Amino acid sequence: MLDRLMREKPNALMIALEGMIMCAKNEMSEWRDSLDDVKRSQYMDYARNLVREQRRELHERQERIREFKVCKWNERQEKAAEREVNERERVTKLTEELVSDGGLWKCESEIIEMNERLNGKSEKEQMVSLRVQLKLMKCVLKVKNKEGLLNFSRMGKALSLEELKKNMRELLKNEKGNSGRESCQQDGGERNLDGKLVKHYRNDRKGAGEQWFVGTVKRKGGKFLIKYNGDSCNTEWEFSEAEISNDLEGGDLVILNVEAKDYVGRRIKHGVATMGKRCGGAGG
């Protein structure tokens, strides 16, 4: 009934519509008609005199409701501003901690390099660095917490340093911003790897587990040959195009950007042309 009255009388006050509904439900017209003339006249005069008082009460009630809504809105705004300040302070603190730890880790090679720098520090300090990275990914970068990789504990038990490292590596592999993948896109993929200096994360095949190796790539037909620095046997390890592509996409193969200044002061081997022949020599 109220919906119909609101459509039919859009300008009517709510108190008027309520009165109509109450009169209809309580059968006020039948009761009024059953009264004698004197009683009916008294009740009608009494009702007319109450109209002004009821309207005043209505406006007061509406004003109280409006003030209550404004108060609640102000409280929500204050809480939102407080949350924003707290979030900004948290991000600032995380950023400061991140800068002190060497910046945001974007690929697995940076994790290895960071761990190498932290080798002289305690396990607790290394865990703090990993926690800072995970907090930043969760709170600032809004990385999805798939399979609980951003958690610091599991089943009420704190994760160990090795477990945190493993989770961090998995997170970076899953991120589209992986530096290995970016290098692949910037350099045109595995087809432009010939002659490039790379960093490769692989098993050393001597039982020491997986680790990073630096080497040079050479393309031979549909295969890739990588000769790793420090290999006394000068072995060229052979990889298929699919293996190289997967390692690039997964961040296990990173193209190193090398400039001429990087060789200043280093001992190198250089092939030079002498009497129409090319020979190698060592120099510093």
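Located above this text is the structure these notes cover.
Since this is a predicted model, take the numbers as computed values, not measurements. (Residues numbered from 1 in each chain as written. Predicted model: local features only at pLDDT ≥ 70, side-chain atom pairs only at ≥ 80, totals over all residues. Heavy atoms only, no water.)

Caption draft 1: Inspection of the pairing of strand β4 (residues 210-220) at higher detail. Judged from the seven bridges that link them, strand β3 (residues 197-203) and β4 form a sheet pairing that is antiparallel. From the neighbouring strand, Y201 faces β4, where its bridge partner is W212. Bridging between β4 and strand β5 (residues 223-228) involves six bridges; their strand directions are antiparallel. Bridged to K218 within β5 is L225. In textbook terms, the turn of a hairpin is the stretch between consecutive antiparallel strands, and for β4 and β5 this stretch comprises two residues, one of which, G221, has a positive phi near 65 degrees. (Pairing = 2+ DSSP bridges. Helix = DSSP H or I, 4+ residues; strand = E, 2+ residues; numbered from the N terminus.)

Caption draft 2: View of the layout of surface pockets. Approximately 860 Å³ is the volume attributed to the largest pocket. Forming the boundary of the largest pocket are 24 residues, of which G19, C23, M28, A47 and Q54 lie nearest the centre. Listed by contribution, the elements that provide at least two residues to the lining of the largest pocket are α2 (14-25), α3 (28-33) and α4 (37-100). The element best represented in the lining of the largest pocket is α4, accounting for 10 residues. Looking at the lining of the largest pocket residue by residue, the class counts come to 15 nonpolar, four polar and five charged. (1 Å grid on protein atoms, 1.4 Å probe; cavity = no way out; pocket = protein on both sides within 12 Å on 5 of 7 lines; lining within 4 Å. Points joined across faces, edges and corners; volume = space filled by probe spheres on them. Nonpolar A, V, L, I, M, F, W, Y, C, P; charged D, E, K, R; others polar.)

Caption draft 3: Quick look at the nonpolar core. The biggest cluster of nonpolar side chains holds 13 residues, and the ones touching the most others in it are L134, M137, L150, L164, M168 and L171. Going through the elements one at a time, α6 (123-139) and α7 (161-174) are the ones with two or more residues in this core. A total of five residues in this core trace back to one element, the largest contributor, which is α7. F224, Y228, F239 and I255 belong to the second largest nonpolar core, which has 12 residues in total. (Core = buried A, V, L, I, M, F, W, Y, C linked by side-chain atoms within 4.5 Å. Buried < 20%, exposed > 50% of the residue type's maximum accessible area, 1.4 Å probe, protein only.)

Caption draft 4: Focus on the packing of aromatic side chains. Scanning the model with the defined rule gives three aromatic pairs in all. Consider the rings of Y201 and W212, whose centres lie 5.2 Å apart with planes at 50 degrees: the pair is tilted. Here Y201 is found in strand β3, whereas its partner W212 is found in strand β4, with 11 residues between them in sequence. When sorted by exposure, Y201 lands in the same class as W212, which is buried. Ring centres 5.6 Å apart and planes at 55 degrees place the aromatic pair F213 and Y228 in the tilted group. (Phe/Tyr/Trp six-rings, centres within 6.5 Å; stacked < 30°, edge-to-face > 60°.)

Caption draft 5: Expanded view of the side chain of H200. Mapped onto the fold, H200 is located in strand β3. A distance of 2.8 Å separates polar atoms of two side chains, one belonging to H200 and the other to D247. Sequence-distant contacts of H200, that is, excluding residues within four places in its chain, are made with Q211, W212, F213, I226, Y228, F239, D247, D252 and L253. (Polar contact = N/O pair within 3.5 Å; in protein donor to acceptor, adjacent residues only side chain to side chain. Contact = heavy atoms within 4.5 Å.)

Caption draft 6: The pattern of salt bridges, seen in detail. Tallied over the entire structure, the rule returns 13 salt bridges. Here the residues in one salt-bridge network are E53, R56 and E60, joined through shared partners. (Salt bridge = Lys/Arg side-chain N within 4 Å of Asp/Glu carboxyl O.)

Caption draft 7: Just unusual backbone geometry, in detail. Its identity as a non-glycine residue notwithstanding, E27 has a phi of 55 degrees, on the positive side. Structurally, E27 is set in the loop between α2 and α3. Despite not being glycine, E147 shows a phi value in the positive range, around 60 degrees. Assignment of secondary structure puts E147 in the loop between α6 and β1 (153-154). E147 gets classed as exposed once you look at its relative accessible area, which sits at 77%.

As far as function goes, none of this settles anything; it's purely spatial.
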